Each structure stands twice: as structure tokens, then as C-alpha cells.
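Working through the structure, step by step
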Amino acid sequence: MLNWMERDQEVIMSTYGRLPIVIERGEGNYLYDEDGKKYLDLFTGLAVNILGHSHPDILKALTDQASKFLHISNYFYNKPAIALAENLIASSIKGKVFFANSGAEATEAALKFVHKWAKEQKEKKQGVVVLKNSFHGRTLGALKLTRQAGVYQDFPVTDVPVYEVEPHDVEALENVFKQFSPAAIVVEPVLGSGGIVTLKQDYLRDIASLCKTYGVLCCMDEIQTGVGRTGTFFAYQQAGIEPDVILFAKGIGGGLPLGGIIVAERYAHVFKPGDHGTTFGPSPLSAALGNAVFDVLMKQGQLEKGKLVADELHEQMNVLMEKYSEIITEVRGMGMMLGLVMNVDAGSVKEIQRQLLEDGIMVDVTQQTIIRLLPPLTLTADEVKWFHTKLEEKIQTVVNNNVKS
Ligand SMILES: *Cc1c(COP(=O)(O)O)cnc(C)c1O
């Protein structure tokens, strides 16, 4: 009889590199495989399970809503969605929300919104500015904004002009604004799959102020950085700027698919009935879970608690970097979003990931040699210590091997 891994290979298209475990269930900050082996989840389904697994408040919201209805349609008022939009606005900018079902769909909504807005402007505005190595999703429209060679490959592209600039090059950005009159810039405050590249707050402020000067929409892609992951509800808030458009997804649905955009009040009229829509957005169930996430983060103080543990995690990773500066060249990121830049080959980084998995710790690797940590905000100081110890063991092994060879 085939096992689950073999059955997967038989019937699921091979578009992902999988880790060799089959998950059976999750509880708190841990996942358990088929054999009952326990793993500390520093991966959270790629920045989704911000409160870990099976959080009691999420389970309660799930059963409460599921016992009422799972789906209605956008022809009816959706109470969980209205409450979630109120929560989102109270935690960001005064404006209005459009709900979709995923990150890429949030980007598509933003693209259509930018396009409609541009058409209303007196002076001609066209196109979108993005940063080198950015990631905004994989559907054809979003793919045009995603500037990672391995991702956009040779798929057909929309005819929205896209201008790529280097992060932190303010002069280049202003030149693009002057020369091409783009309609918008879309930016991740921390480039996630691009390798946890944290944009400087001054740079975010420069972007916002250039947007004002040149009449360009300032759009923050907070799909990965949002929902408390970086220490504030949205990451841009730490720079004290006011974006025109915010993209959200991943953590917002408490583990269910949900995404969307928030646009500032002055642009709320741009989308009119018929301009955009989706059958499922938002699922009342996802929205109900989103409200539970909000409650735990903002009312029960989990955002603040998570921030303190995240500080501890950064500190311990910095200690490790100082001790093994030959191996770890940089610790970057914000809050529960960290990148450890490893000065070893991709194979060795994969091997560290594999050994950690053997010890019961899940980490992600991005851009081949960057260990990406996306822990839940419920991580504890003891778990940070344990991870530090285990990671140090693996690095010590690399050091020993290097000495031998
Ligand atoms: C994951 C991600 C997306 C795409 O989200 P999907 O739900 O996978 O479509 C877009 N932007 C950023 C910054 C992301 O991290």
C-alpha cells in the first residue's frame, strides 16, 4: 500500500518542494505528525497561523459561525465581515474595505483599483512601481508586480507598465515618478519571500512623501507583515505614514483563506457596483475567525506579549550571530518575522533545516541561504531558548565540518 507521501506524488501536481513529514494535527505552537512526533512550528503555514494551532477562541468562533451558516452571498449583509471591516479600519486608516480570498486576489483588487483611479485623473497616470525582488502573488496580474525571476519565468504578462527600483534608492524612485508618472507604488514593508529585507523607516517615509508630491498612490502590501506579525497591527505604522491602500491576507483569516484591501476614505468611491467582485469574498466563517484573531491580539494583549518574546528572539539570534559571525552574517526582520542570512552553501542550509526538523523544529528557507522564521505570536521565552540551543548545535556541526575539510 502506498503511504501518504507516495499518494501525493501520484495525484498532486508537483509545484512545491515538500518537507518529508505528514501532519496529523496541531495544538498551540506545535504540529504533530502521523507517528505522534511533535514539532515546534516556527513557520506557521507561511505567516498564517499567527496564534498557533487550535486556539480556543478560534475554535469557538468556528463552531459558533458554522452552526449558523457557512456561506451566503454578497447579495446579503454579512455580519462577521462588517465587524471585521470595522476592526481593520479601527487598526489602520479611515477608509473602506474590499474583501477577497487570498493574497494574490488582494493584489488583483489593488491593481484594478489603481487602474480605475488612474482613469479618473486629469493628467495621464499609468503603471505601478515595485521594488526589486518583491513578491506580490502568482496570478497573472499579481505576477507582473512580483520581481523574482524564478517566479515570473515566461508567463504572459498584462500590459500594465511596471517599473522596478532598488530598495532604498530614493533618487531612482523620484526619477521614475518624474519620468513615467506612474499611478501607484506597491511595497512590502519587509520583503518576505525576497529574504526578509526590512525597509528602513526613513525610506518608507520618503516613499510616502514622494507619493504626495507626485500624486502617486502609496500601496502597502501587508499580506505577510500584517496582523501583528511585526509588532504593530500593520508594519507601516512604525514609520508613522498613512498609505492610500493596504493589502492584507495570510494571518487575517485565523487559518482560513481571506484577503483584501483597505482604501483611504477619499478613494472609497472609485469602485462602483459591478467594478469588482467574488463569490466567496469574504467567507463568513473566515471573517468570524478574523474577528477572533483581532480580539485575542488587540483586546487580550497577545500582540504586546508576542512583541516581547519577538524581542527576546531577535536578541538571542544576535548573540548567536556574534558568536558565529563567519556563519551567520546578518539577523534581519521585525517582530515575529526574521531572516538569518547564512554564509554557507544552499545544501548546508537545507541540511540545517533537515536536522532541526529531526529535532522537532520547523523553519523555512527562502532565497536558498536565508533561514526564515515566522513564529506565532504565542511563542514562549522557553521555546526561544530551546530553539537557540538547537540551532547553535547545528551551527557548531557546520563549524566542525569546515575545520575538518
Ligand atoms: C504570500 C504573499 C502574497 C500572495 O498571497 P497568496 O495568498 O499566496 O496568493 C502576496 N504578497 C505578499 C507580500 C506575500 O507574502
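We now turn to the structure provided with this report. (Residues numbered from 1 in each chain as written. Predicted model: local features only at pLDDT ≥ 70, side-chain atom pairs only at ≥ 80, totals over all residues. Heavy atoms only, no water.)

Helices and strands together make up the secondary structure of the protein chain, namely 13 helices and 17 strands. Here the C-alpha radius of gyration of the protein chain, 21 Å, is about what a compact globule of 405 residues would show, namely 22 Å. Across its three principal axes, the protein chain shows a C-alpha extent of roughly 70 × 55 × 45 Å. Burial analysis of the protein chain (405 residues in total) assigns 52% to the buried set. (Helix = DSSP H or I, 4+ residues; strand = E, 2+ residues; numbered from the N terminus. Rg over C-alpha atoms; globule rule 2.2 N^0.38 Å. Buried < 20%, exposed > 50% of the residue type's maximum accessible area, 1.4 Å probe, protein only.)

Moving on, we come to unusual backbone geometry. Gly281 connects to Pro282 through a cis peptide bond whose omega is -10 degrees. If you check the backbone angles, Asn133 has positive phi at about 70 degrees while not being a glycine. Note on placement: Asn133 falls in the loop between β5 (128-131) and α6 (140-145). Its relative accessible area of 25% is what places Asn133 among the partly exposed residues. Phi at Gln153 is positive, roughly 35 degrees, even though this residue is not glycine. Secondary-structure assignment places Gln153 in the loop between α7 (149-152) and β6 (162-165).

The full count for this structure, using the stated rule, is one cavity of 30 Å³ or more. Approximately 40 Å³ is the volume found for the largest cavity. In terms of lining residues, the largest cavity is bounded by His71, Ile72, Ser73, Asn74, Asn78, Thr279, Phe280, Gly281, Pro282 and Pro284. Taken together, the residues of the lining of the largest cavity break down into four nonpolar, six polar and no charged. (1 Å grid on protein atoms, 1.4 Å probe; cavity = no way out; pocket = protein on both sides within 12 Å on 5 of 7 lines; lining within 4 Å. Points joined across faces, edges and corners; volume = space filled by probe spheres on them. Nonpolar A, V, L, I, M, F, W, Y, C, P; charged D, E, K, R; others polar.)

A word on helix α5 (residues 103-120). Across its 18 residues, α5 extends 26 Å between first and last C-alpha, which sits within 8% of the 26 Å expected from 1.5 Å per residue. Capping the start of α5 is the job of one residue whose side-chain oxygen sits 3.2 Å from the backbone nitrogen of Glu105: Ser102. (Expected span 1.5 Å × (residues − 1). Polar contact = N/O pair within 3.5 Å; in protein donor to acceptor, adjacent residues only side chain to side chain.)

Looking now at the sheet that holds strand β3 (residues 38-41). One open sheet holds the four strands; their spatial order is β1-β2-β3-β15, and the pairing between them is mixed. Here the strands that pair on one side only, and so sit at the sheet edges, are β1 (23-27) and β15 (361-362). Two strands pair when backbone bridges link them, and β1 and strand β2 (residues 30-33) are joined in this way by four bridges, in the antiparallel orientation. Bridge assignment links Gly26 to a residue of β2, and that residue is Leu31. (Pairing = 2+ DSSP bridges.)

Neither face of strand β11 (residues 245-248) is open: one carries Val245 and Leu247, the other Ile246 and Phe248, and all of them are buried. Pairing of strand β10 (residues 217-221) with β11, which is carried by three bridges, proceeds in the parallel orientation. Each bridged residue has a counterpart across the sheet, and for Cys219 the counterpart in β11 is Val245. Where β11 and strand β12 (residues 259-264) come together, four bridges link them in antiparallel fashion. In the sheet register, Phe248 faces β12, and the bridge partner there is Gly260.

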